[in-house]
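Below are the chains, spelled out letter by letter.
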Amino acid sequence: MFSPSARLRALKPDWISDPKVWRTEVLAGLVVALALVPEAISFSIIAGVDPEIGLFAAFTMAVTISVVGGRRAMISAATGAVALVIAPLNREHGLGYLVAAVILAGVFQVVLGALGVARLMRFVPRSVMVGFVNALAVLIFMAQVPELTDVPWPVYPLVAAGLVLMVLFPRVTRAVPAPLVSIVVLTVVTVAAGIAVPTVGDKGELPHALPVPGLPDVPFTLDTLTTVAPYALAMALVGLMESLMTAKLVDDITDTRSDKTRESIGQGIANIVTGFFGGMGGCAMIGQTMINVKVSGARTRLSTFLAGSFLMVLCVVFGPVVSDIPMAALVAVMVMVSFTTFDWHSVAPKTLRRMPAGEIGVMAVTVAVVVATDNLAVGVVVGSVTAMVIFARRVARLADVTSVTDPDGGQVVYSVTGELFFASSNDLVTRFDYAGDPDRVVIDLSATHVWDASSVAALDAVETKYARRGKEVEIVGLNEPSSRMRERLGGTLAGH
């Protein structure tokens, strides 16, 4: 028997007593918190709410998901995708309805997570995942372009200096994240030299106090529910899509597995909590997650918790200092994130020469749709559907029919190979010589599998055409699942 203290030690993660891990997680959380400030403010502007609404959402989402989420070290906060979905609701009905939609979206996500929506990630092909990553890198870079246009000329050397620092500093030491060093150095230089460049403070006023929980200011009626439900459902789906894709990306980077079902439910809980604190809701933030995991090396829930906690401390306690951070420093960080996120191997000439054209096409379609719509979820759906269509066409061509007639001409044996499903079975009916075949026909399906009702209907149609000519058909070789499907559906689907 174990003593209570022994059981407690067994439950504690190994990193609790590792000072090196603590240093990495704390510094990573600080870097992410600094990067969250301008992002949250920008997304608040997109949603049409005060900056503090986005900052409160970033705080409550990060802190809550660090406890209930299924993917360690992933950052969740207010995001552009969610802001775009709920902006019309806020514009037409006001903040109370927006907050109500956030809470209802959280409920939807909990339900969808419990129903196993995370299992749908199995149907996202690798080519779509690569396209998703590359599109993400492009979007991160494009988001920085406005910060580099119509700005004072010192912004450009500051961005360049920040990039140089992040490239060279890791060669000196990795004890402190290079992005943090870059932000601190550029802030000190601009303040000390009095260089007039856009700062974080120019994005909007930071909050001066912690958020207070409360109910949304809306009438609790059926009319309110019907108004917010469509926006809430759209937000729930977009948020889950981006969060699950980001979790899968972090799985690949860290060579670890995450609990996608727990993450789906956790996203819902985080949005419910955020709504009751008056935030605008959100989902996984891919750019900040890359800063946390790929650039800073964080691997635990501590970095996520501290990112949200540091964000509020920075805003409430160190607001004037944070306001002086030049946007150029944060732009440099995000440009570096964009560069490191892009899968350069996927577009190398050597790789493109070896990859099937269909795979390259799916990747390109995913990137193009994401960039055109500015919506990662739409790109993933379109890319996945494109991949499925290409796969169906490719597999359909593999289905083949060959025939052997007995020497005495008494019967013909047709051998069907490949997979029979809606795409391949459509041509099956045309592959038989109904008029010229002898009176006995054997169709051997031992080298195939019947996947759907379309295939059963095609086999029924073949039998019907032979029967009209007074010829006997025997279907042999069906495996057990195919046989059960044919017994259940056979004779009820064939056309006239």
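Helix and strand counts for the chain come out as 20 helices and 6 strands. Projected onto its principal axes, the C-alpha positions of the chain cover 100 × 65 × 60 Å. Residue pairs in contact within the chain that sit at least 24 positions apart in sequence constitute 84% of those at least 6 positions apart. Carbon and sulfur atoms make up 64% of the accessible area of the chain, which totals about 22,900 Å².

Structurally, E39 is set in helix α2 (residues 19-47). According to the relative accessible area criterion, E39 is buried, its value standing at 18%. Expressed as a C-alpha distance, the spacing of E39 and G54, which sit 15 residues apart in the sequence, is 8.7 Å. E39 has contacts with M285 and Q288, leaving out every residue within four places of it along the chain.

To continue, consider a nonpolar patch on the surface. Taken together, V313, V317, F318 and V321 make up a surface patch of nonpolar side chains, about 350 Å² in accessible area. If you trace the backbone, F318 turns up in the loop between α12 (301-316) and α13 (319-323). Judged by relative accessible area, which is 42%, F318 ranks as partly exposed.

Here we come to the pairing of strand β4 (residues 411-420). In the sheet, strand β3 (residues 400-405) pairs with β4 via 6 bridges, with the strands oriented antiparallel. The partner of V404 across the bridge, within β4, is V413. What sits between β3 and β4 in their antiparallel hairpin is a turn of 5 residues, with G409 showing a positive phi close to 75°. Taken together, the 9 bridges between β4 and strand β5 (residues 440-450) define a ladder with parallel strand orientation. Bridging across to β5, Q411 finds its partner in R440.

To continue, consider the layout of surface pockets. The volume enclosed by the largest pocket comes to roughly 770 Å³. Lining the largest pocket are 33 residues, and of these E39, F43, G80, L139 and A143 lie nearest its centre. Contributing elements (two or more residues each) for the lining of the largest pocket: α2, α4 (80-93), α6 (126-144), α11 (286-295) and α14 (327-341). By residue class, the composition of the lining of the largest pocket is 21 nonpolar, 7 polar and 5 charged. What the second largest pocket holds in volume is close to 470 Å³. As for the second largest pocket, its lining consists of 20 residues, of which P170, R174, K294, V295 and S296 are closest to the centre.

In summary, soluble globular proteins display a tendency toward joint burial of nonpolar side chains. Among the nonpolar cores identified, the biggest contains 103 residues, and V37, L55, F132, M280, I291 and L311 are the most heavily contacted of them. By residue number, the principal contributor to this core is α2, which donates 12 residues. Those residues in contact with F132, other than ones at most four positions away along the chain, are M245, T246, I286, T366, L376 and V380.

Strand order in this open sheet of 4 strands is β3-β4-β5-β6, and the pairing throughout is mixed. The open sheet has two free edges, formed respectively by β3 and β6 (472-476), since each of these has just one partner strand. Neighbour-to-neighbour, the strand axes of this sheet turn through a mean angle of 20°, independent of strand direction. Sheet contacts for helix α19 (residues 453-468): β4, β5 and β6; angle to β5, the most-contacted strand, approximately 175°.

A word on the environment of P157. Within the secondary structure, P157 is located in helix α7 (residues 155-172). Given a relative accessible area of 40%, P157 falls into the partly exposed group. Taking C-alpha positions, P157 is 42 Å from V273, a pair spaced 116 residues apart along the chain.

This next bit is on the side chain of T289. Residue position: T289 is located in helix α11. Here I75 takes part through its backbone nitrogen, which lies 3.1 Å from a polar atom of the side chain of T289.

A word on α6. With 19 residues, α6 ought to run about 27 Å at 1.5 Å a step, and its terminal C-alpha atoms sit 28 Å apart, in line with that. Taking burial as the measure, the 19 residues of α6 include 14 buried ones, the bulk of the element.

Across all of its chains, the model carries 7 salt bridges by this definition. E147 is the salt-bridge partner of K203, the closest N and O atoms lying 2.5 Å from each other. Here K203 is found in the loop between α8 (178-193) and α9 (222-254), whereas its partner E147 is found in the loop between α6 and α7, with 56 residues between them in sequence. Across the salt bridge formed by E472 and R440, the nearest N and O atoms sit 3.2 Å from each other. In this pair, E472 is assigned in strand β6 and R440 in strand β5, connecting sequence segments 32 residues apart. Residue classification places E472 among the partly exposed residues on the basis of a relative accessible area of 46%. In this structure R440 comes out as partly exposed when scored by relative accessible area, which is 25%. Within this structure, R71, D251 and K260 form a network of salt bridges that share partners.

Thresholds, definitions, all that
Residues numbered from 1 in each chain as written. Predicted model: local features only at pLDDT ≥ 70, side-chain atom pairs only at ≥ 80, totals over all residues. Heavy atoms only, no water. Helix = DSSP H or I, 4+ residues; strand = E, 2+ residues; numbered from the N terminus. Contact = heavy atoms within 4.5 Å. Areas by Shrake-Rupley, 256 points an atom, 1.4 Å probe, with all protein chains shown as cover. Buried < 20%, exposed > 50% of the residue type's maximum accessible area, 1.4 Å probe, protein only. Patch = residues over 30% accessible without salt bridge, like charges linked within 9 Å, V, L, I, M, F, W, Y side chains within 5 Å. Salt bridge = Lys/Arg side-chain N within 4 Å of Asp/Glu carboxyl O. Pairing = 2+ DSSP bridges. 1 Å grid on protein atoms, 1.4 Å probe; cavity = no way out; pocket = protein on both sides within 12 Å on 5 of 7 lines; lining within 4 Å. Points joined across faces, edges and corners; volume = space filled by probe spheres on them. Nonpolar A, V, L, I, M, F, W, Y, C, P; charged D, E, K, R; others polar. Core = buried A, V, L, I, M, F, W, Y, C linked by side-chain atoms within 4.5 Å. Axes fitted to C-alpha atoms, helices over the stretch in contact; angles between N-to-C directions. Polar contact = N/O pair within 3.5 Å; in protein donor to acceptor, adjacent residues only side chain to side chain. Expected span 1.5 Å × (residues − 1).

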